[in-house]
Amino acid sequence: MKYDIICCGVGGQGVLSVAALIAYGAMKAGLAVRQSEVHGMSQRGGAVMSHLRLSDLEIKSDLIPRGEGDMILSMEPLEGLRYLDFLRPEGVLVTAVEPFINIPNYPDTEKLLDNIRTLPGSLLVETQKLAREAGLNKATNLVLVGAASKYLPLKEEILLESIRELFSRKGEKVVEANSSAFALGRG
Amino acid sequence: MEELVLLGDEAVAQGALDAGLSAAYGYPGTPSTEIIEYLLRVVKTGERPVVSWCANEKTSYEGALGTSFVGRRALVTMKHVGLNVAADPFINSALVDLGGGLVLAVADDPGMHSSQDEQDSRFYADFAKVPCFEPTDHQEAYEMTREAFDLSERFHVPVVIRMVTRLAHSRGIVKTREKRGENPVAKSRNIKQWMLTPANAKVNWEKLLDLQRKMEEYSEKSPYNSLFLEKSFTEYGVITTGLGKNYYLENLSDLSEKPSHLHIGAYPVPTDKIRKFFSHVDKVLIFEEGYPFLEEKLTGILGAGKPVMGKKNGKVARSGELNPDLVRESLGLPKRETKKYPAFQLPGRPPQLCKGCPHGDTFLAMKEALKDYPERLVTSDIGCYALGAMPPYEIPETVVCMGASIGMAKGASEAGFFPVLATLGDSTFLHSGLTPLLDAVSANVNMTLVIMDNSTVAMTGGQETILPSESLEKIVAGVGVSEEHIHVITPLPKNHAQNVEIFRKEIQYPGLSVVIARRECLETLKKKKKGEAE
C-alpha cells in the first residue's frame, strides 16, 4: 500500500502543518512517511507545495512522480489546479472552496469553481462555514483534513488521537473544537 | 537507541550531537538553516555544545577552526553560496594539522528554490582535496555526519557533508546510536603545521597530496560506494550520485532488465570500483544531483572509451534539480498516465512582500523621492527586500551576492552615474556590508546607502541578528560617515512625507549618506506576541 499526497496552498496558509498532521497520524499507524517541504523565499505569499508520501514499504524518492499522486489537498481552489499532472487518472482533488486572492490577475471565482466541479473526483469543502460551526474560525485546515480523511488509508480514530496529541498543549477547548471541525469536514 | 522524525538538516545536527560535538557555528541560509536551529532548540542555554549564529560564513568557519585547534569537535553550517564566503579558511584548513574533527555541512540548492545559483559543493571538496559525503536519506545524513568527524580526525582534514534542498527539507525517520563524549581540550602541539608561511605550507601541501591515496583507499572500501554487477545484462549500467539514486530506484521496477548499478556517496572518487563497473558494461548512464561532476571526471577531454550518457550530452537535463520523472525519461520509460483535466489558464503566484511589511513603506518613500530622476540606479542585495523589484515598488535593480549592493553602488557612482542608491537589510549589512562601506567612506563616494533594518534575519525565518539594531548607527558613524548624513527613519505610511523629504535631501547631497529605515519584521513581531501569549 502506498498513498501519495500533494499538499498545496499559499505561503502562510498552513500547508506544512496540514501535511505534518497527516504525517503524524500515518506514523502512529506504523507507516513509512516522507514529507518534503519548501522553506525560504516562496513562503512569502507565493505558491507553496509539499510532497507527502505514505507507504507500508520503504519510500525511495522524497518527490512524488507525475501520475502517481493519489490526492491533491489544497488550502484554496486556484492552487489545487496547479499540480493536477501529479495525479493518477483516478486521483482526487480535495480543496477549500474559499479563494485566497493576493494577486491582481486572480481568475473569476465562479469560473474557477465550475472548472473544479467538472473535474471527476473533485471535492470542494466549505472550510470557513464548517469551522464556524465547530466554534473555532481558525480551524479551517482541520475541516480540510477531515474531508480528506475519507480517502486516506488511515483510521478516523488514529487521526482524532493525533489531533488530541498535537493540540493538547493548547487546552481541552481547542482540542474539542479542532476535533469537531475534523468531524464536520469528514461529514 | 531512539527513533526520531527529523528533517534531513536535523539528522545532520543530531549526528553531530551524538558524535561528541563541542561547538556549532553557522550563518542562516536556505536550505541549511535548520541544522543550527535544531541545535539551538535541543541544547539548553549555557550547556555544551556551544551553538551560535555568526556574522557570516567565514567567521563561522574560523570559529570552528579554533575549536579544532584546541582538540575539540566542531560543526560549521552554511548554504552553498555561503561557502564562497568561507572558501578562504576552508581551502587553507586542509593544509593545517586539524586536531578535533571539523565537519562542514553545506546545503546546495539545485533548482534554485531560494538561491541565486545552483553551484555544486562537491567541487569545493575536490578543490580543497578533502573527503565529502553525500547522503541520500535521513539515516545516512545521521551516520555520515558521525563518520565524517572520525574521518576528519583520522586524516586531520575537514570533511564535507553535502546536503541538497530535497533532503534538507524532507522529514523522515532516524534511528540514533549511542552518544560519544566530547574530546578533552588539548591544544595542537604541532604549531608548525598551523603556521602556513610558505616554507611550512610547501611541506603541508606535499603531505596533503600524499594523503590522497589513503583517502581513495578509504573510498574504495566505503559501503556508501556500493557496486552491484548484473552478470547477465551488460548493455548499459547506471551510476548515481546523491538523490539521483532515489529517483533511479523509484523507477527501477518498471525496467525490463535490471542494470548494473554503482552508487557514489563518499568522495574522493573510488577509481578502482569505477573501473570494475566500467569494464562490465557497454554503456554508462549517469544521474547526478547537481553539476556533472563525476561525469566530467569519467569522460575528461578524450572520452571514456565507452559511451557515457548524462548531463553533458543532453541525455539528462543540464540545469535544475533531478526528479523521478526526468530520470524516468532518461531511462527510456514511457510517461505515466496522469489525470485528464479541463484546460484552465493559471496565473502564477510569485512570492511577495507581506502585507504591511516595513520594506514596502521604505520602497514607496524611495520611489517618490526618485520620481524626478527617470535614470537612477538602486543596487540591492540578498533578502526579502529583493521582492521589492516587483510592482508596485519596482525599486531594487540588482541582486548578486551578500553585500554586493554597497560595492556596486560605489563603483557605479565613481564611474560617473547619478543618482546611485544601495539597499540592503540589517543582517546582510552586518554579514558583508561593513567592508565595502569602508571603501565608500574612504573615497567619500556620492551615494545613499539605505539599511533596511527589520531587526531580524527575515528571509530564512527570523533568526536573531548578530548585533542589536541600535548598534547600526554607531557602526556607521564609527567608520566615519558624517553624522549629519546619518538618519534613522521609521517606515510607516504616516511618516511617508517626511521620509520622502529625507531621501530627497540625501540623494542631492554630493557625498556619502546613510539612511537606516527601522521597523521590526511583522513575522518576528507576530511570533514574539504568540510566544508571550502562550
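These numbers were taken from a predicted model, which means no experiment stands behind them. (Residues numbered from 1 in each chain as written. Chains lettered and ligands numbered in written order. Predicted model: local features only at pLDDT ≥ 70, side-chain atom pairs only at ≥ 80, totals over all residues.)

Peer 1: Could you give me a rundown of the packing of helix α15 (residues 404-414) of chain B against helix α16 (residues 426-442) of chain B, with the residues and numbers involved?
Peer 2: Residues and elements named next belong to chain B. At a minimum axis distance of 7 Å, the contact between α15 and α16 shows a crossing angle of 20 degrees. Here α15 lies roughly parallel to α16, going by the angle between them. When the axes of α15 and α16 are compared, the crossing they make is left-handed. Packed against α15, whose contacting residues are Ile406, Gly407 and Lys410, the element α16 presents Gly433, Pro436, Leu437, Asp439 and Ala440 at the interface. Among the residues making up the contact of α15 with α16, the classes are represented as four nonpolar, two polar and two charged. (Axes fitted to C-alpha atoms, helices over the stretch in contact; angles between N-to-C directions. Helix = DSSP H or I, 4+ residues; strand = E, 2+ residues; numbered from the N terminus. Parallel < 35°, antiparallel > 145°, perpendicular 65-115°, else oblique. Left-handed = near helix turned anticlockwise from the far one by under 90°. Contact = placed C-beta atoms within 7 Å. Nonpolar A, V, L, I, M, F, W, Y, C, P; charged D, E, K, R; others polar.)

Peer 1: Let's hear about the interface of chain A and chain B: which residues, and what values?
Peer 2: With 41 residues of chain A at the interface, the matching set in chain B holds 39 residues. Those elements giving two or more residues to the side of chain A that touches chain B turn out to be α1 (15-28), β2 (32-36), α2 (77-82) and β5 (87-96) of chain A. Of the residues forming the side of chain A that touches chain B, the biggest block, four residues, is contributed by β5(A). By residue class, the composition of the side of chain A that touches chain B is 17 nonpolar, 14 polar and ten charged. Pairing of β2(A) with strand β8 (residues 170-176) of chain B, which is carried by two bridges, proceeds in the antiparallel orientation. Looking at β8(B), one finds that Ser36(A) is bridged to Ser170(B). (Pairing = 2+ DSSP bridges.)

Peer 1: Which residues make up the sheet that holds strand β18 (residues 486-489) of chain B, and what values go with them?
Peer 2: Residues and elements named next belong to chain B. A sheet is described by the order of its strands in space; here five strands give the open sequence β15-β16-β17-β19-β18, paired in parallel fashion. Taken across any chain shown, the strands that pair with only one partner, and hence form the sheet edges, are β15 (377-379) and β18. Looking at each pair of strands side by side, their axes are set apart by 20 degrees on average, direction ignored. Two elements, strand β17 (residues 447-453) and strand β19 (residues 512-518), share seven bridges in a ladder whose sense is parallel. The residue bridging Met452 from the neighbouring strand is Ala517, located in β19. Strand contacts of α16: β16 (420-425), β17 and β19, with the helix running at about 150 degrees to β16, the strand carrying the most contacts.

Peer 1: Go over the packing of helix α6 (residues 156-167) of chain A against helix α7 (residues 172-186) of chain A, please, and point to the residues and values.
Peer 2: Residues and elements named next belong to chain A. The interhelical angle for the contact between α6 and α7, taken along N-to-C directions, is 150 degrees, at an axis separation of 9 Å. Between α6 and α7, the crossing angle belongs to the class labelled roughly antiparallel. Once α6 is placed against α7, the crossing between them reads as right-handed. Seen from α6, the contacting residues are Glu156, Leu159, Leu160, Ile163, Arg164 and Phe167; seen from α7, they are Val174, Val175, Asn178, Ser179, Phe182 and Arg186. Its residues placed into classes, the contact of α6 with α7 shows seven nonpolar, two polar and three charged.

Peer 1: Describe in detail the domain arrangement of chain B, supporting the description with residues and values.
Peer 2: Interface size is commonly expressed as the accessible surface area that is lost when the partners come together. Residue and element names in this part refer to chain B. Each assigned domain of chain B is listed here: domain 1 (2-221), domain 2 (226-330) and domain 3 (358-526). Centre-to-centre, using C-alpha coordinates, domain 1 lies 34 Å away from domain 3. Between domain 1 and domain 3, the residue contacts involve twelve residues of the former and twelve residues of the latter. In terms of residue class, the side of domain 1 that touches domain 3 is made up of seven nonpolar, five polar and no charged. (Domains from an automatic or database assignment.)

Peer 1: Provide a residue-level description of the sheet that holds strand β4 (residues 74-79) of chain B, including the pertinent values.
Peer 2: Residues and elements named next belong to chain B. Taken in spatial order, the seven strands make up an open sheet running β3-β2-β4-β5-β7-β6-β12, and their pairing is mixed. Lying at the two open borders of the sheet, with one neighbouring strand each, are β3 (50-53) and β12 (266-267). Pairing analysis gives two bridges linking strand β6 (residues 132-133) to strand β7 (residues 159-164), with the strands arranged parallel. Bridge pairing links Phe133 to Ile161 in β7. Where helix α1 (residues 8-18) meets the sheet, its contacts fall on β2 (23-26), β4, β5 (102-108) and β7, and the angle it forms with β7 comes to roughly 155 degrees.

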